[in-house]
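In case you want the letters, here they are:
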Amino acid sequence: MSAARRCRPPQALAGLFVWHLRNTGVRQRPCRFMHLYHVANDRLITFQYFNFLKRMYVTQCNKDLSQRAKPKSDSIVSPFHELQQLDQEKKAVNKINPISSPVHHLWSETSSRNKWRELKSTAETEDSGIPVGNESKEDRRWKEMKLRLDDLPGILARLSKIKLTALVVSTTSAGFAMAPVPFELTCFLLASLGTGLASCAANSINQFFEVPFDSNMNRTKNRPLVRGQISPLLAVCFAASCGIPGIALLTLGVNPLTGALGAFNIFLYTCCYTPLKRMSIANTWVGAVVGAIPPVMGWTAATGTLDAGALLLGGILYSWQFPHFNALSWGLREDYSRGGYCMMSVTHPGLCRRVALRHCLALIGLSTLAPVLNITTWTFPIISLPINLYISYLGFRFYKDADRSSSRKLFFCSLWHLPMLLLVMFTCKKSVLEKEDKGDLPRGSHETAMEIRLP
């Protein structure tokens, strides 16, 4: 009897320990852990299902395709908005169905989630005009779109951003025309063609990398790769067929310095600027360097040297891009935020306006520097002063008002300001003969100028 009484305290302690485990829910913790794992797995948003060069990009939310290759008539719903709707659906189901255990809680959430997916797929099927009963599981996924050869030139033009490429070629032509050497048509055509091909390659690679982010932006959701009009393999092949001949033309047909600048610009745009757009606001300054290199390439194509005149033209293009792009990005802040891009207008709006005004004023100083470097006559800073003052005034209004109206005025002013400034600069350019008399011509151009003067 005494021995039995001695064993009772350990048994009582064991019973208290088991009772404590039941109250603290240790037995329920594995179920709770599994439940949290499934919820976290379902809420994970996969922006890109990337099977390299073999399959189209896929944007997923809760393992449901939210983007299709076939364009939809209704607007694209953000995946975060869909998650909010899913959470609201869960709350409604939880209020109606009382939960007795974690396992029952897990099964109820799974069933509600499956019902919500069925309702969503049914609504999408009805919107697309396909009968619900005749659509299989594979039909609800991505559909390959047939490519017509008649549509291929237009698709490739949008892939290469043909308008931006035309601007790049025009600034390269301006740099070639401003060079203090006689005009040579063959070299001019080779430089323009090579720069255009390099720009097409860089823009195509840029769109190839940014498909999952462009699909979330209204401004870029209709690009060819986002809509599935061409495959990623075709886009990469097109970029290679433009970039390799373009750099070869610049290197072998013009000079190695221009070819090196073209190759460096492709690298800077695709490998530095493109990933920086989602990492830091420094992407704007890197992108400005990318836009400043084409006029420098035009200058080096004509002269073969990298001197002060080339740097001045690059500086003008560098400063012009800040009011141009900052004003454009101000009206696209929602789009950039939705796409995950780190822009000054989104994260540092005050700095965005200050930088735009600062570089508007810098254009006045750079225009004054042109005659000092013996590139133009002193009439250029005088004639260009009104248009530089006007864009500076609009930059000041953008800095003070910080609204869409002032940003739009500054952006549209930048569209005509640059070509007019370059045209005035070309008309005020110092002639080759005048520089030859002063001995300011670069090496190699003196003999060419003498040949032109001789009968």
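Residues numbered from 1 in each chain as written. Predicted model: local features only at pLDDT ≥ 70, side-chain atom pairs only at ≥ 80, totals over all residues. Heavy atoms only, no water.

**Thoughts on the overall build of the protein chain**
So, point 1. The helix and strand tally for the protein chain stands at 20 helices and 2 strands.
So, point 2. Per-residue burial over the protein chain gives 45% buried out of 455 residues.
So, point 3. Within the protein chain, contacts between residues at least 6 apart in sequence are counted, and of these 71% link residues at least 24 apart.
So, point 4. When the accessible surface of the protein chain is split by element, carbon and sulfur atoms take 63% of a total near 24400 Å². (Helix = DSSP H or I, 4+ residues; strand = E, 2+ residues; numbered from the N terminus. Buried < 20%, exposed > 50% of the residue type's maximum accessible area, 1.4 Å probe, protein only. Contact = heavy atoms within 4.5 Å. Areas by Shrake-Rupley, 256 points an atom, 1.4 Å probe, with all protein chains shown as cover.)

**Re the confidence of the model for the protein chain**
Atomic detail in the predicted coordinates should be set aside for any region of low pLDDT.
So, point 1. Averaged over every residue, the pLDDT of the protein chain is 75; the share at 70 or more is 62%.
So, point 2. Scored below 50 in pLDDT, residues 26–80 shows 97 contacts in the model against residues more than four places distant or in partner chains.
So, point 3. Within the model, pLDDT remains below 50 along residues 443–455, and this stretch shows 13 contacts once partners closer than five positions in the same chain are excluded. (pLDDT = per-residue confidence, 0-100.)

**Structural notes on the packing of helix α16 (residues 349–372) against helix α18 (residues 404–427)**
So, point 1. Here α16 crosses α18 at 10°, and the two axes come no closer than 13 Å. Judged on the interaxial angle alone, α18 and α16 are roughly parallel. In contact with A356, C360, L363, S367 and A370 of α16, α18 contributes L410, H417, L421 and M425.
So, point 2. Residue composition of the contact of α16 with α18, by class: 7 nonpolar, 2 polar and no charged. (Axes fitted to C-alpha atoms, helices over the stretch in contact; angles between N-to-C directions. Parallel < 35°, antiparallel > 145°, perpendicular 65-115°, else oblique. Nonpolar A, V, L, I, M, F, W, Y, C, P; charged D, E, K, R; others polar.)

**Notes on the pattern of salt bridges**
So, point 1. This structure, assessed with the given rule, holds 6 salt bridges.
So, point 2. E210 is paired through a salt bridge with K277; the nearest N and O atoms lie 3.1 Å apart. With E210 in the loop between α7 (185–209) and α8 (211–214) and K277 in the loop between α11 (256–276) and α12 (283–303), this pair connects stretches of sequence that are 67 residues apart.
So, point 3. By relative accessible area, which is 1% here, E210 ends up buried.
So, point 4. Connected through shared salt-bridge partners, E210, K277 and R278 make up one network. (Salt bridge = Lys/Arg side-chain N within 4 Å of Asp/Glu carboxyl O.)

**Observations regarding the nonpolar core**
So, point 1. Among the nonpolar cores identified, the biggest contains 61 residues, and L312, I316, F380, L410 and M425 are the most heavily contacted of them.
So, point 2. Structurally, this core is a two-domain feature, drawing no fewer than three residues from each of domain 1 (148–305) and domain 2 (307–431). (Core = buried A, V, L, I, M, F, W, Y, C linked by side-chain atoms within 4.5 Å. Domains from an automatic or database assignment.)

**A look at the UniProt feature "transmembrane region" (unreviewed entry) in the protein chain**
So, point 1. Taken from the UniProt record, the annotation "transmembrane region" (unreviewed entry) applies to residues 257–276, 283–302, 378–398 and 410–427.
So, point 2. Along residues 257–276 the backbone is 100% helical and 0% strand, and the end-to-end C-alpha distance reaches 27 Å.
So, point 3. Strand forms 0% of residues 378–398 and helix 95%; the C-alpha atoms that close the span are 30 Å apart. (UniProt positions renumbered as here; feature names shortened; annotations may be inferred.)

**Examining the packing of aromatic side chains**
Note on aromatic pairs: each is described by the distance of the centres and the angle between the planes.
So, point 1. Inspection of every chain in the model, using the stated rule, returns 13 aromatic pairs.
So, point 2. Consider the rings of F183 and F188, whose centres lie 5.3 Å apart with planes at 50°: the pair is tilted.
So, point 3. Using a relative accessible area of 52% as the deciding quantity, one classes F183 as exposed.
So, point 4. Ring centres of Y390 and W416 lie 6.1 Å apart, and the angle between their planes is 25°; this geometry places the pair in the stacked category. Taken together, the residues span a long stretch of sequence, with Y390 in helix α17 (residues 379–401) and W416 in helix α18 at a distance of 26 residues.
So, point 5. Accessibility expressed as a relative area gives 34% for W416, which makes it partly exposed.
So, point 6. Linked through ring pairs, F213, F325, Y336 and Y341 together constitute an aromatic cluster. (Phe/Tyr/Trp six-rings, centres within 6.5 Å; stacked < 30°, edge-to-face > 60°.)

**Here we look at a nonpolar patch on the surface**
So, point 1. A grouping of L369, V372, L373 and W378 is seen on the molecular surface, where their side chains present a nonpolar patch of about 380 Å² in accessible area.
So, point 2. Within the element layout of this structure, L369 appears in helix α16. (Patch = residues over 30% accessible without salt bridge, like charges linked within 9 Å, V, L, I, M, F, W, Y side chains within 5 Å.)

**Observations concerning the state of the cysteines**
So, point 1. Applying the stated rule across the entire model yields 0 disulfides.
So, point 2. Take C200: it sits in no disulfide, and the sulfur closest to it among the cysteines is that of C242, at 5.1 Å. (Disulfide = S-S within 2.5 Å.)

**Topic: the side chain of T284**
So, point 1. Note on placement: T284 falls in helix α12.
So, point 2. Setting aside its immediate chain neighbours within four residues, T284 contacts F322, F325, N326 and M344.

**A few points about the packing of helix α6 (residues 162–178) against α18**
Helix-helix packing is described using two parameters, namely the angle between the two axes and the distance between the axes.
So, point 1. Contact geometry of α6 with α18 gives a least axis separation of 10 Å together with a crossing angle of 15°. Judged by the angle between their axes, α6 and α18 are roughly parallel. The interaxial crossing formed by α6 with α18 has left-handed handedness. Taking contact as the criterion, the partners of L167, T171, A174, A177 and M178 in α6 are, on α18, L418, L422, M425 and F426.
So, point 2. The residue makeup of the contact of α6 with α18, split by class, is 8 nonpolar, 1 polar and no charged. (Left-handed = near helix turned anticlockwise from the far one by under 90°.)

**Re the side chain of S173**
So, point 1. Position of S173 among the secondary structure elements: in helix α6.
So, point 2. Judged by relative accessible area, S173 falls into the buried class, the value being 19%.
So, point 3. Discounting residues that sit within four places of it in the chain, S173 has contacts with F188 and S192.

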